[in-house]
Amino acid sequence: MSAFETFCQTAIDDIRAQGRYREFTPLRKQARRFPYYEGTNGREVLVWSANDYLAMGGHEAVIEAACETARQMGAGAGGTRNISGTSPAHDALEAELAHLHGKPAALLFTSGFVSNQAALSTILASRPAGREHLWQVFSDEKNHASMIAGLKSVPAHVHIFRHNDLAHLEQLLEAAPPEAPRLIAFESVYSMDADIAPLEAICDLAERFGAMTYLDEVHAVGMYGRTGGGVSERDGVAHRIDIIEGTLAKAFGCHGGYITGQSVVVDYIRCVAPGFIFTTSLPPSTAAAALASVRHVRGDHDRRARLFERAETLKRRFDAAGLPRIASESHIVPLHIGEAVLCREVSQRLLEEFGMYATPINYPTVPRGQERLRFTPSPAHTDEMMDALVAALVQILAPAKRQAA
Ligand SMILES: *Cc1c(COP(=O)(O)O)cnc(C)c1O
């Protein structure tokens, strides 16, 4: 083995020893039977941790749009947006997303990760206050890896504020040099902690200190707000947020990421960001599917209501069964396990013995000691499925607790 291969092996052994080795679970999605997937040997698996939050990935109108557009325009875009990669579906989707968030413009990216990385790095590489001033960035400590990738890839002063801690954010804003441009980067729904940022208060601070606001609404778009415009729509502050970023891959059930904001800002990023310019655009079929999904979801208020009803019902059932649920203000229902090996084992037994799947969330996604299972009940998860899940968890966790004690 080469020195590098030896390094890789040692690192993997170490990861394995810590119970953090990641193994894929083979799951074949069945569009018409969601949330039932096909596992190994054709076995049926009830999935509890898909990010297809609204079960839109299998919606008839969405599948039809994808198939019809693929037949008309082919399987791939055949170029970047600048090189023959712009279809009517791309343009219509951008217009729809801008409208969803009440912004003049939107820009598509090949994923939510890329949208955050490309937009943030491009903004922070600019020098609006003169060449001498680096940006002062204020970033929530729980921000997603894609935002961190954007912040870290360019020279900027990054200040990390404690999660959702307004006093700490204010203190850091006060201490920063007043002549430098400022940006506050945060999420609305934090998917691992299942909590929601105080958007209005953050906007107040941003206005007081002349800071730009960049909001990741990936775990909120489609679900929160009257038309699924996210928590910024729900809280009536979308017009106070400079850039709202989202994904088409979670509640909208498709693929791709985007930003929305002022036309001149979006246009600047379109003209400058390598993560936009130098990569093939989304397949037109994907853009068309996402467009059908966003259009449907905006008007499907019952689907949104049912999602929250399902989440509240699962929370109540976990509580009634005495399961160690982590407090959640959102549609996400986390269960505390607290140890990586145990977390993996509970997930594995759930799959092998009960035919149900929930992702184990381990370090580094959450701090050590806070390992958890994360459940995302969708409108398609029934009471009977919840009964089966609670019974299985009670059976698995009771003896596991005795063993740990
Ligand atoms: C999943 C996720 C992303 C990335 O979105 P993709 O479309 O999956 O690349 C960005 N931000 C947050 C908070 C996420 O959870």
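Residues numbered from 1 in each chain as written. Predicted model: local features only at pLDDT ≥ 70, side-chain atom pairs only at ≥ 80, totals over all residues. Heavy atoms only, no water.

Caption draft 1: Main features of the sheet that holds strand S14 (residues 356–357). Judged by pairing direction, the sheet is mixed, and its four strands sit side by side in the order S1-S2-S3-S14 without closing on themselves. Where the open sheet ends on each side, the last strands, each with one partner, are strand S1 (28–29) and S14. Looking at chain direction, strand S2 (residues 36–38) and strand S3 (residues 44–47) are connected through three bridges and run antiparallel. What sits directly across from Glu38, in S3, is Glu44. (Pairing = 2+ DSSP bridges. Helix = DSSP H or I, 4+ residues; strand = E, 2+ residues; numbered from the N terminus.)

Caption draft 2: Geometry of the site of the ligand. Within the structure, the ligand sits among 13 residues, and Gly112, Asp216, His219, Thr247 and Lys250 are positioned closest to it. In this structure, a nitrogen atom belonging to the ligand sits 2.7 Å away from a side-chain N or O atom of Asp216. One of the side-chain N or O atoms of Thr247 is found 2.7 Å from an oxygen atom in the ligand. Protein contacts shield 84% of the accessible area of the ligand, which totals 380 Å² for the unbound molecule. Examining the composition of the shell around the ligand, we find that three residues originate from one element, helix H4 (residues 112–125), more than from any other. Residue classes in the shell around the ligand are distributed as three nonpolar, seven polar and three charged. (Near = heavy atom within 4 Å. Polar contact = N/O pair within 3.5 Å; in protein donor to acceptor, adjacent residues only side chain to side chain. Areas by Shrake-Rupley, 256 points an atom, 1.4 Å probe, with all protein chains shown as cover. Nonpolar A, V, L, I, M, F, W, Y, C, P; charged D, E, K, R; others polar.)

Caption draft 3: Highlighting the packing of helix H2 (residues 60–73) against helix H11 (residues 284–299). Viewed as axis vectors pointing N to C, H2 and H11 meet at an angle of 150 degrees, and their least axial separation amounts to 8 Å. When the axis of H2 is compared with that of H11, the two are roughly antiparallel. The handedness of the crossing between H2 and H11 is right-handed. Taking contact as the criterion, the partners of Ala61, Val62, Ala65, Ala66, Thr69, Ala70 and Met73 in H2 are, on H11, Pro284, Ser285, Ala288, Ala289, Ala292 and Ser293. Per-class residue counts for the contact of H2 with H11 are ten nonpolar, three polar and no charged. (Axes fitted to C-alpha atoms, helices over the stretch in contact; angles between N-to-C directions. Parallel < 35°, antiparallel > 145°, perpendicular 65-115°, else oblique. Left-handed = near helix turned anticlockwise from the far one by under 90°. Contact = heavy atoms within 4.5 Å.)

Caption draft 4: Here's a closer look at the sheet that holds strand S12 (residues 257–261). Here we have seven strands laid out as an open sheet, ordered S4-S12-S11-S10-S7-S5-S6, and mixed in their pairing. Whereas interior strands pair on both sides, the edge strands pair on one side only; in this sheet they are strand S4 (105–109) and strand S6 (157–161). Sheet twist, expressed as the average angle between the axes of neighbouring strands with direction ignored, equals 20 degrees. Across five bridges, S4 lies against S12 in antiparallel orientation. From the neighbouring strand, Phe109 faces S12, where its bridge partner is Gly257. On the sheet, helix H5 (residues 145–152) packs against strand S5 (136–140), S6, strand S7 (182–187) and strand S10 (211–216) and is oriented at approximately 160 degrees with respect to S7. The strands touched by helix H9 (residues 263–272) are S4, strand S11 (243–247) and S12; relative to S4, the strand with the most contacts, the crossing angle is about 25 degrees.

Caption draft 5: Summary view of the packing of aromatic side chains. Following the criterion strictly, the structure yields five aromatic pairs and no others. Relative to Tyr37, the ring of Phe34 has its centre 6.1 Å away and its plane inclined at 55 degrees; by these criteria the two rings are tilted. Among the residues examined, Phe34 registers a relative accessible area of 14% and is labelled buried. Aromatic side chains Tyr224 and Phe308 sit 4.9 Å apart centroid to centroid with 75 degrees between the ring planes, which places their arrangement in the edge-to-face category. In this pair, Tyr224 sits in the loop between S10 and helix H8 (231–234) while Phe308 sits in helix H12 (residues 301–320), placing the two residues 84 residues apart along the sequence. Directly above the ring of Tyr363 sits Arg368, whose terminal nitrogen or CZ lies 3.8 Å from the centroid. (Phe/Tyr/Trp six-rings, centres within 6.5 Å; stacked < 30°, edge-to-face > 60°. Buried < 20%, exposed > 50% of the residue type's maximum accessible area, 1.4 Å probe, protein only. Lys NZ or Arg CZ within 6 Å of the ring centre and 35° of its normal.)

Caption draft 6: Summary view of the pattern of salt bridges. For the structure shown, the criterion picks out 27 salt bridges. A salt bridge links Glu96 to Arg298; its shortest N-O distance comes to 3.0 Å. Of the two residues, Glu96 sits in helix H3 (residues 88–100) while Arg298 sits in helix H11, which places them 202 residues apart along the sequence. The same class applies to Glu96 and to Arg298, which are both buried. A salt bridge links Asp300 to Arg303; its shortest N-O distance comes to 2.8 Å. For the residue pair Asp300 and Arg303, the accessibility class agrees, reading buried in each case. (Salt bridge = Lys/Arg side-chain N within 4 Å of Asp/Glu carboxyl O.)

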